[in-house]
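# Examining the three-dimensional arrangement
Chain residues, written in single-letter form:
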Amino acid sequence: MSSLETELSIYLHIPFCSVKCSYCAFNTYTDLEHLIPSYVDALCSELAFAAGHCCDRRVHTIYFGGGTPSLLSPRQFELVLQQLATSFRIVDDVEVSLEANPDDLSEAYLRDLRLLGFNRLSIGMQSANAAILQMFDRRHDLQTVETALEYARRAAFDNVNLDVIFGSPGENMVDWQGTVEAMLRFSPEHVSMYGLELKGGTRLREQVDAGELPRPDDDLFADMYEFAAASLAAAGYGQYEISNWRRPGKECQHNLQYWRNLEYLGVGAGAHGFSGGYRYSTIASPARYIAALRSQSARITTGVPTPAAAKSTLVSEADDLYETIMMGLRLTKEGINRVRFRQRFGRDFIEIFAGPAQRMCAAGLLNVTSERIRLSQDGRLLSNGVIRAFVDEITL
Ligand code: SF4
């Protein structure tokens, strides 16, 4: 196995937010910030437990996501990072990422985090448009994002991502062009750009279903994506995933672990993980998660590296194929590596998927070389259909 297959990633979920954004369906809670100190203790206990299940695999990425990780203090991060360093073997150039809301960031806070070892910052910008930010119930404006970026630069962060969302109700092309222009003016090293999904249970979905807000238009979605992709390319950003662009060498190593369908630990309430051939999720409620970690009688599921598992499944070969294709085809440069695919499944990709591969190539949606299988430029816009063509073929 190469180091890619042996190195491990760790995701830590921080399920607290000051305000619930109107589009958000993540496992996150408002008004529970008083739980943060005991939550940090629980994270440390879970990490110590997980380390016992992961032999001596080296950790190459650590990602604090949420929720709003930037609600934790530097001292709370220090405790978690100390536990990570005690429990795991960590590579010298480990990528340590923080998701942050711009309004939580000060220069002093970011300097402290940089000293603790954080070296990648992902800021939720979402839009440059004040009306859209208000519709999203975001607490910041464009100026706050600009100021957060300045603080980050002064604190010596040289790997900053901006998250932006397109296709929100009522957003037109001019609005979106304003967001793309502002984002490029800030000159981040990395951009994640997602089309808005109206997920069930969100306030925005309810408003659209009730006719209070207009339903986003699919054709406009595609035009917005193409405009942003062209603008990013013209500004020197390379696309490496359907929704992600970066300056040279600034790929998010943590997300590459997911897209390559490699293993990672998920730690914290409602986290998802993939380890030892199991996919699992943990107890979603922060209070019940903390109680499970405190309890001597916490449920231990064989093969799952947490005493706070809510669900776990031993991944079948069919599921593994599904994940490998679904994630690998998102990687626009790398695609599905045929050598690694053969090592993993014992057969060549084309041997299993000759029919759909031929059809997708003939339709101009797929590129096949001796090394990799990738979506073509046109295939990126129709990725769901291409992925479905392969997934429908999985009958193992
Ligand atoms: S800050 Fe992020 S996690 Fe929290 S509610 Fe908003 S989108 Fe969801």
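The rules behind the values
Residues numbered from 1 in each chain as written. Predicted model: local features only at pLDDT ≥ 70, side-chain atom pairs only at ≥ 80, totals over all residues. Heavy atoms only, no water. Axes fitted to C-alpha atoms, helices over the stretch in contact; angles between N-to-C directions. Helix = DSSP H or I, 4+ residues; strand = E, 2+ residues; numbered from the N terminus. Parallel < 35°, antiparallel > 145°, perpendicular 65-115°, else oblique. Contact = heavy atoms within 4.5 Å. Nonpolar A, V, L, I, M, F, W, Y, C, P; charged D, E, K, R; others polar. Domains from an automatic or database assignment. Buried area = accessible area lost by both parts, 1.4 Å probe. Salt bridge = Lys/Arg side-chain N within 4 Å of Asp/Glu carboxyl O. Buried < 20%, exposed > 50% of the residue type's maximum accessible area, 1.4 Å probe, protein only. Pairing = 2+ DSSP bridges. Arc of directions from axis to C-beta. Near = heavy atom within 4 Å.

Moving on: the packing of helix 12 (residues 317–328) against helix 13 (residues 338–345). For the pair helix 12 and helix 13, interaxial distance at closest approach is 12 Å and the crossing angle is 170°. Compared by their axis directions, helix 12 and helix 13 come out roughly antiparallel. Residues Glu317, Asp320, Leu321 and Thr324 of helix 12 form the contact with helix 13, whose participating residues are Phe341, Arg344 and Phe345. For the contact of helix 12 with helix 13, the class distribution of residues is three nonpolar, one polar and three charged.

Attention shifts here to the domain arrangement of the protein chain. What the domain assignment reports for the protein chain is domain 1 (3–258) and domain 2 (317–391). Just the C-alpha atoms count here: the centres of domain 1 and domain 2 sit 28 Å apart. Taken together, the contact between domain 1 and domain 2 spans 14 residues of the former and 12 residues of the latter. Across the interface of domain 1 and domain 2, roughly 1100 Å² is buried in total on both sides, 59% from carbon and sulfur atoms. Counting the surface domain 1 buries against domain 2, the share from its top three residues, Gln239, Glu241 and Ile242, is 42%. Applying the counting rule to domain 1 against domain 2 returns one salt bridge.

Strand 11 (residues 278–282) sits mainly inside the fold: four of its five residues count as buried. Where strand 10 (residues 272–275) meets strand 11, four bridges bridge the pair, whose relative direction is antiparallel. Paired with Ser275 across the two strands is Tyr278, which belongs to strand 11. Joining the antiparallel neighbours strand 10 and strand 11 is a turn of two residues, in which Gly276 adopts a positive phi near 60°.

For the rest of this paragraph, the subject is helix 11 (residues 286–294). Within helix 11 the residues assigned to the buried category are Pro286, Tyr289, Ile290, Ala292 and Leu293. Buried residues along helix 11 cover an arc of 160° about the axis, so they all sit on one side. In helix 11, the exposed residues that point more than 90 degrees away from the buried face are Arg288 and Arg294. If you follow the buried residues of helix 11, they end up packed against helix 2 (36–51) and strand 9 (264–267).

Turning our attention to the site of the ligand. Among the 13 residues in the neighbourhood of the ligand, the closest are listed as Cys17, Cys21, Cys24, Gly67 and Asn101. Residue composition of the shell around the ligand, by class: six nonpolar, five polar and two charged.

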